[in-house]
Amino acid sequence: MFIQKRHLSALSVLALATLAATTLSACSSTESTATTGKTLSVVTAFYPLQFASESIGGTKVEVTNLTPPGAEPHDIELTPQQVAQIKEADLVVYIGGFQAAVDDAVKQEAKDTGLDVGQGLTTLDPPPGEVAEAKANKEEAPIADPHIWLDPSLMAKISDRIGARFTQIDAANSETFKTNQASLSKQLTELNSEWATGTKTCRSRDLVVSHEAFGYLGKAFDFTQVGISGLAPDAEPSAAKIAEVTDFVRKNDVTTIYFETLVDPKVAKTVATETGAKTVVLDPLEGLEEGSTQDYLSVMRTNLTALQEGQGCK
Ligand SMILES: [Zn+2]
């Protein structure tokens, strides 16, 4: 069951147009820059894409990430310097429909060099309630749930795409990219099987979360996500919504409510206090905390441990 509140305006018809424009122009962006001995300059939109790009690119690429550590990426605004970086980069890696400012900048400044790694993947539909709400507010309806990186097997597909594009635009270093990509792919496969094994038998399959980032992860490992805030973490839930989730928690004997690192846990804690449930961090990996020494793989393993405990998995 999806309990939904707010739609994500970034997932818009405009974004869809951007995706289409990016695909059409993707084939023309294959000229090599590294034949001149230059390091490939790559701009990534937010942390998981930075992680994949750095893992695959190694010393052969220079990665600039648009969302700084500790910042919440959904509603990122870009500085003029960042827009210039997008314009000048050899490649811009992003997920269309996730960050409206990035979609717009790619559309305007990086038509031939944008790589939307979400494109072509089987995305989850936004829940019908969200589409109806957007319509009622005369806003563009969301087209998909953007949080694909939280399913390790989809993260592997994202990584494959990044590796393939690196090889395409910098053939001279293709062996390095292929080796690094194979290594990352192996690590993601291991992570995926740890999740599959570790969540096979659990007391509860209802995942009550502060924002609905865990749709793909839930689909992959058989959990039903119940969100308090909706797709965007800073959406204020209504009193009715909080009451609805509180009721759900009581009726379904949910013992743990998950909140996240980059957003105020106030709402999750309200529901927890009302119901006597515990609150535990489940990190949507939209960014690392400032000063963090973790990476995608280690945070996903911490997430697995938190979820196993919270859901009573054996
Ligand atoms: Zn999110």
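Before reading further, recall that the structure is shown in the block above.
Values in this document were obtained by computation on a predicted structure and should not be read as measured data. (Residues numbered from 1 in each chain as written. Predicted model: local features only at pLDDT ≥ 70, side-chain atom pairs only at ≥ 80, totals over all residues. Heavy atoms only, no water.)

> For this particular structure, what's the right way to read the nonpolar core?
One recurring pattern in soluble globular proteins: nonpolar side chains tend to sit buried together. Core analysis: the biggest nonpolar cluster contains 66 residues, and W149, I158, I162, F166, L217, L285 and Y296 have the highest contact counts within it. Ranked by residues supplied to this core, first place goes to helix α6 (residues 152-169) with 7 residues. With residues up to four places along the chain from it excluded, the contact list for L217 reads L150, D151, W195, L207, M300 and L307. Residues V208, I228, V245 and F248 belong to the second largest nonpolar core, which totals 15 residues. (Core = buried A, V, L, I, M, F, W, Y, C linked by side-chain atoms within 4.5 Å. Buried < 20%, exposed > 50% of the residue type's maximum accessible area, 1.4 Å probe, protein only. Helix = DSSP H or I, 4+ residues; strand = E, 2+ residues; numbered from the N terminus. Contact = heavy atoms within 4.5 Å.)

> Is there a simple way to explain unusual backbone geometry in this structure?
A positive phi angle, close to 55 degrees, is found at D253, a residue other than glycine. Topologically, D253 is positioned in the loop between α9 (239-251) and β7 (256-259). Of note in the backbone geometry, L285 takes a positive phi value of approximately 55 degrees without being a glycine. Within the secondary structure layout, L285 lies in the loop between β8 (278-281) and α11 (296-311).

> Could you clarify how one ought to interpret the packing of α9 against helix α10 (residues 266-275) in this entry?
Working note: a packed helix pair is described by the angle between its axes plus the distance between those axes. Packing of α9 against α10 leaves a shortest axis separation of 10 Å and a crossing angle of 45 degrees. The orientation of α9 with respect to α10, classified from their angle, is oblique. Two packed elements cross with a definite hand, and for α9 against α10 that hand is right-handed. On α10, the residues that touch I242, V245, T246, V249 and R250 of α9 are V267, V271, E274 and T275. (Axes fitted to C-alpha atoms, helices over the stretch in contact; angles between N-to-C directions. Parallel < 35°, antiparallel > 145°, perpendicular 65-115°, else oblique. Left-handed = near helix turned anticlockwise from the far one by under 90°.)

> Help me understand the coordination of the zinc ion in this model?
Six octahedral donors at a metal ideally form angles of 90 or 180 degrees, and four tetrahedral donors ideally form angles of 109.5 degrees. H74 (NE2), H147 (NE2), H211 (NE2) and E286 (OE) make up the full set of protein donors to the zinc ion, lying at 1.9 to 2.2 Å. Relative to the metal, the 4 donor atoms surrounding the zinc ion lie at angles of 100 to 118 degrees, and the coordination shape comes out tetrahedral. Counting gaps between the donor residues of the zinc ion yields the pattern H-x72-H-x63-H-x74-E. Highlighted residues: H211 in the loop between β5 (206-209) and α8 (215-221) and E286 in the loop between β8 and α11, separated in sequence by 75 residues. (Donors = N, O, S within 2.8 Å, 3.2 Å for Na, K, Ca; no water. Tetrahedral: all angles 85-135°; square planar, octahedral: opposite > 155°, others 65-115°.)

> How do you make sense of the state of the cysteines when you look at a structure like this?
Cysteine pairs can be linked by a disulfide, which is a covalent bond between their two sulfur atoms. Tallying each qualifying case throughout the model produces 1 disulfide. The partner cysteine of C202 in its disulfide is C313, sulfur to sulfur 2.1 Å. Between C202 and C313, the disulfide has an S-S torsion of 100 degrees and is therefore right-handed. Taken together, the residues C202 in the loop between α7 (174-198) and β5 and C313 in the segment after α11 connect sequence positions 111 residues apart. Judged by its relative accessible area of 16%, C202 is buried. (Disulfide = S-S within 2.5 Å.)

> Explain the environment of D283 to me, please; I cannot follow it from the model alone.
Structurally, D283 can be placed in the loop between β8 and α11. Linking D283 and L150, residues 133 residues apart in sequence, is a C-alpha distance of 9.4 Å. When residues no more than four places from it in sequence are discounted, the contact partners of D283 are L150, F214, T261, V299 and N303. There is a polar contact of 2.7 Å between the side chain of D283 and the backbone nitrogen of L285. (Polar contact = N/O pair within 3.5 Å; in protein donor to acceptor, adjacent residues only side chain to side chain.)

> Hey, could you run me through the environment of V43 in this one?
Relative to the elements of secondary structure, V43 occurs in strand β1 (residues 40-44). We classify V43 as buried; its relative accessible area is 3%. Those residues in contact with V43 that sit more than four places away from it in its chain are T64, L66, Q85, I86, A89, L91, V92 and V93.

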